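Listed below are the residues making up each chain.
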Amino acid sequence: LRAINDFHRGLGEVGLRGPTSFTYQPDPDEVRDVETLAVTGAYFRVLGVRAARGRLFDDRDTADAGRTAVLTYESWQNRFGGDEQIVGRTVQLGTETRVVIGVLPRGFILPTTSLRRLYYPTGRPQYITAAPPPARLPFLDEAVVRLEPGITREQAQAEIDTLLAPLRAGRDERVVLESPRAVL
């Protein structure tokens with residue numbers, strides 16, 4: 001992330017997401033696991049997503065990770081009855097409480113790679129939390145990046161390969177650019 005943000009040519013801001021997790025959630029009617037995931041402050045900005053209600057994450061939220069949450073539209077409707085006062089309300093997420101700062105747009109599906117779809121096929125977690133800065137949370141493993149105008153995917157891939165080559169020494173891993181539309 002730092003290499004791309006500091007030394008890129010043709011690549012815009014980078015947002016990261018962590019793996020989907022399931023949080024034990026007591027409910028008045030039943031106990032269930034709730035699908036959640038963490039994203040960096042830039043994640044939704046890079047995708048060009050705007051909140052349906054409230055706002056989405058920014059640097060304030062990642063500096064104080066663990067305090068805020070964004071709901072998917074479906075979660076807002078199904079779990080909270082479309083409560084218009086949900087923004088600013090404290091909700092229980094497992095054993096923790098979070099302040100809801102926003103609601104994602106109706107029908108929004110998080111882009112995810114084919115490998116991630118194998119394990120977590122919905123792409124529709126109920127809660128999204130702010131991840132701490134990547135240096136403090138190494139498991140953020142799926143990035144989104146916006147290409148600057150006039151830059152092709154092939155040019156951007158070559159730039160990423162060059163930037164990350166020293167970090168890959170002796171490993172077979174590779175960062176591959178895919179269009180979010182292709183992975184939806």
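Residues numbered from 1 in each chain as written. Predicted model: local features only at pLDDT ≥ 70, side-chain atom pairs only at ≥ 80, totals over all residues. Heavy atoms only, no water.

So, the pattern of salt bridges
One pass over the full model with this rule turns up seven salt bridges. Notably, a salt bridge pairs Asp 61 with Arg 55, separated by 2.7 Å at the nearest N-O pair. We classify Asp 61 as buried; its relative accessible area is 0%. Where Arg 89 meets Asp 83, a salt bridge forms, and the shortest distance between an N and an O atom there is 2.9 Å. (Salt bridge = Lys/Arg side-chain N within 4 Å of Asp/Glu carboxyl O. Buried < 20%, exposed > 50% of the residue type's maximum accessible area, 1.4 Å probe, protein only.)

Quick notes on the nonpolar core
Soluble globular proteins tend to pack their nonpolar side chains together in the buried interior. The biggest cluster of nonpolar side chains holds 17 residues, and the ones touching the most others in it are Val 39, Phe 44, Phe 57, Val 70, Leu 104 and Ile 128. When residues of this core are traced back to their parent elements, those giving at least two are β3 (31-39), α2 (43-47) and β8 (127-130). The greatest single-element share of this core, amounting to three residues, is contributed by α2. Beyond its immediate sequence surroundings of up to four residues, Ile 128 is in contact with Leu 37, Val 39, Phe 44, Phe 57, Ala 69, Val 70, Thr 72 and Leu 104. Ranked by size, the runner-up nonpolar core spans twelve residues in total, among them Ala 69, Leu 71, Tyr 73 and Val 100. (Core = buried A, V, L, I, M, F, W, Y, C linked by side-chain atoms within 4.5 Å. Helix = DSSP H or I, 4+ residues; strand = E, 2+ residues; numbered from the N terminus. Contact = heavy atoms within 4.5 Å.)

As for the pairing of strand β1 (residues 11-17)
The element β1 is largely enclosed, with a buried count of six among its seven residues. Here β1 pairs with strand β9 (residues 142-147) via five bridges, running antiparallel. Counterpart to Leu 16 in the pairing with β9 is Ala 143. (Pairing = 2+ DSSP bridges.)

Notes on the confidence of the model for the protein chain
A low pLDDT means the predicted coordinates there should not be read in detail. Within the protein chain, residue pLDDT values average 77, and 71% of them lie at 70 or more. Confidence, expressed as mean pLDDT per element, reaches its minimum in the protein chain at helix α5 (residues 114-119) with 46 and its maximum at strand β4 (residues 53-54) with 97. (pLDDT = per-residue confidence, 0-100.)

Quick word on the packing of aromatic side chains
A complete count under the given rule lists four aromatic pairs for this structure. Consider the rings of Tyr 73 and Trp 76, whose centres lie 5.3 Å apart with planes at 75 degrees: the pair is edge-to-face. Placement of both Tyr 73 and Trp 76 in helix α4 (residues 73-80) is noted, with a separation of three residues, approximately one turn of the helix. The exposure class assigned to Tyr 73 is buried, which follows from its relative accessible area of 14%. Members of the aromatic cluster, joined through ring pairs, are Tyr 43, Phe 44, Phe 57 and Phe 108. (Phe/Tyr/Trp six-rings, centres within 6.5 Å; stacked < 30°, edge-to-face > 60°.)

Describing helix α6 (residues 153-164)
Over its twelve residues, α6 extends 16 Å from the first C-alpha to the last, a length consistent with the 16 Å expected when each residue adds 1.5 Å. Taken residue by residue, α6 has Ala 156, Gln 157, Glu 159, Ile 160, Leu 163 and Leu 164 as its buried positions. Each buried residue of α6 sits inside an arc of 160 degrees when the element is viewed along its axis, so together they form one side. What points out from α6, more than 90 degrees from its buried face, is the exposed set Glu 154 and Thr 162. (Expected span 1.5 Å × (residues − 1). Arc of directions from axis to C-beta.)

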